[in-house]
Every structure is written in C-alpha cells, then in structure tokens.
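# Structural description and commentary
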Amino acid sequence: MAALVRIGSVCRGPAVPSLLFRSAPLIRPLAARKKDQDYPYFCTAKIHATPSNYAAAGSKAASLHWTGERIVSIALLGLGPVAYFYPGPVMDYSLAAVLTLHGHWGLGQVVTDYVHGDAKIKLANTGLFLLSAVTFAGLCYFNYHDVGICKAVALLWSK
Amino acid sequence: MPGTRVTMVTVSCRWSVPMAMSITHRGTGVALSGGISVFAVAALVLPGSFPHYLDLIHSLSFGPALITLSKFALSFPVAYHTFNGIRHLVWDAGKGLKIPEVYGSGYTVIALTLLTSLALTAL
C-alpha cells in the first residue's frame, strides 16, 4: 500500500531521529508498513509541502541550526553539575542564556511541526521570539536584583 | 481498522512505548519552558523578593505531603527530559536506532527518571 507520509512527525514516531530536516519536508510516496515488535501498524497522513523558509539550495542555514541545537543541548547538560558545585553569578547568567535559547529553539520546533500557513507561521514565531526575549530579560533581572537562579533552586529545595 | 484506537490526537495507528515517550519528551519540554517563562515574568512583575515569597508560601503551612508532591512534580519533568534528551543525542550520533535498542534505552530512561526524581525529592 502506498501511503504519503509527512516526514518527521505523523505518529510521534518510533524513533524518528532528528536527523531529518523539519524545515524542508519532502514529498514522497512511501510504502509504510512498519513492524513494531509484535504488531504491524500503518501510519497515513495528508501530504504536506512547505516552501523552504531559508535561502535557496546550497544554504547551510538549516544544517547549522540543527548543529547549534545539539551544541546548546550538550552545553546545558554540562551546566547542571557545574552550577551545583560552583554556584554564583557566572553560572546564573550562563544558565539564563542557555536555558532560554534551548527553550526557544525547542518551542520553535513545536511551531514548525504544528503551525501551517505562511502568515500563521510568521505570527507564531514572532510571538515565540517575544516570549523568549521577555523570559531572558526576566531571568537576567532576577539574577541582578534578586538571589539568582542557583541560589533560588537551593532555597527552594532547602524546605 | 481492527486494533486501532482513536484518541484525542486522531492518529491511525496504535500507541507504542517509543511514541508515548516521544510525546512525553515534547510535553515535559513545553511545560518546563512555560514554567521558566512564568517565573521570569513573575520576577519582572511582582514587587517582592524571592525569599520573601518563599517565606510567604511556607507561612501557609501546606504540610509535608504537598511539599513532597511539589518537589516530585518539579523533579520528574527535569529528570525525564534530561535523560530522554541524552537518548536523543545518542540517536543523533547515529547509535541505538535499532528497534530493540530503542525499547531498551527507553526503559532505561524511564527507570533512571524514576530513581532520580525520587532521589531529588528526598533531598
């Protein structure tokens, strides 16, 4: 059975790796019959074509974005233990930056997956950008005028 | 089609552990991000300091059960998203993509999440 599948998202997959570009989905007729341990299942979906939001062929924007996301994720993994052992303003501001960026890019993927139509995509991304800007501002404000992220977590947990 | 289930998300296939774990990863991510944003806006808008509001909450004397529950409610999404995030990074490196490995690493993430959340809650 030939089924048209939108790459990257239909059934929240088994293990649909993030290797696939979400920003330039391809149209492909696909015979999709997956054996998932004991029972087979079909996934079908409407075909979906999005004009590429980035520059023409040859642009590495999407690829670099993907790599950037992984680097920030790994950075955030490292920051946790370091913040635990060396709390202070440097960690506070580093956490504010990396947390906000990781969240911004993560929510950006959610927008890409569920929001369709040029105007709606633009609107959603603008809203997201504002949210992330306010979030970062608020965290920096907290770090400057209040106890800071590391101390706040310590205080919260001390009760 | 026999064996299919229609849920709120109308998807024409059965739920599986990897599928559920994937949407949970997204759900915890969105929830954590939302929580951080709420915290940031509160920091900008509320007049008092963090210790002030902490003391305020403690003066309400919620009781140990609620405090434990709150700590678990915070620890669980952080732990799950972190461990499953590592699992994602392993996939990005091209490893662990065979179906038995996906299930195996999935169960490992669930186990680690439970252990870590309980440990953090007990701290």
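Values in this document were obtained by computation on a predicted structure and should not be read as measured data. (Residues numbered from 1 in each chain as written. Chains lettered and ligands numbered in written order. Predicted model: local features only at pLDDT ≥ 70, side-chain atom pairs only at ≥ 80, totals over all residues. Heavy atoms only, no water.)

## Considering the state of the cysteines
Residue and element names in this part refer to chain A. All chains considered together, the criterion is met by zero disulfides over all chains. Between Cys140, a free cysteine, and Cys150, which holds the nearest cysteine sulfur, the sulfur-to-sulfur gap is 13 Å. Its relative accessible area of 18% is what places Cys140 among the buried residues. (Disulfide = S-S within 2.5 Å. Buried < 20%, exposed > 50% of the residue type's maximum accessible area, 1.4 Å probe, protein only.)

## A closer look at the nonpolar core
Core analysis: the largest hydrophobic core is formed by 12 residues, namely Val72, Leu76, Leu79, Ala83, Met91, Leu95, Ala96, Val98, Leu139, Ile149 and Cys150 of chain A together with Ala40 of chain B. Mapped by element, the contributors of at least two residues to this core are helix H1 (61–85), helix H2 (89–114) and helix H4 (149–158) of chain A. Ignoring any residue separated from it by four or fewer positions in sequence, one finds Leu79 of chain A in contact with Met91, Ser94, Leu95 and Val98 of chain A. Counting residues in hydrophobic clusters, the runner-up holds five residues, among them Phe142 and Ala152 of chain A together with Ala43 and Leu54 of chain B. (Core = buried A, V, L, I, M, F, W, Y, C linked by side-chain atoms within 4.5 Å. Helix = DSSP H or I, 4+ residues; strand = E, 2+ residues; numbered from the N terminus. Contact = heavy atoms within 4.5 Å.)

## Brief notes about the UniProt feature "binding site: a ubiquinone" (unreviewed entry) in chain A
All names here are of chain A. What UniProt calls "binding site: a ubiquinone" (unreviewed entry) maps, in this numbering, to Tyr114. Along the chain, Tyr114 turns up in helix H2. Residue classification places Tyr114 among the partly exposed positions, given a relative accessible area of 44%. (UniProt positions renumbered as here; feature names shortened; annotations may be inferred.)

## Observations regarding the UniProt feature "binding site: heme" (unreviewed entry) in chain B
Residues and elements named next belong to chain B. Summarizing the sequence annotation, UniProt attributes the feature "binding site: heme" (unreviewed entry) to His81 in the numbering used throughout. Take His81: it is sitting in helix H3 (residues 64–92). A polar side-chain atom of His81 sits 3.5 Å from the main-chain amide nitrogen of Gly29. (Polar contact = N/O pair within 3.5 Å; in protein donor to acceptor, adjacent residues only side chain to side chain.)

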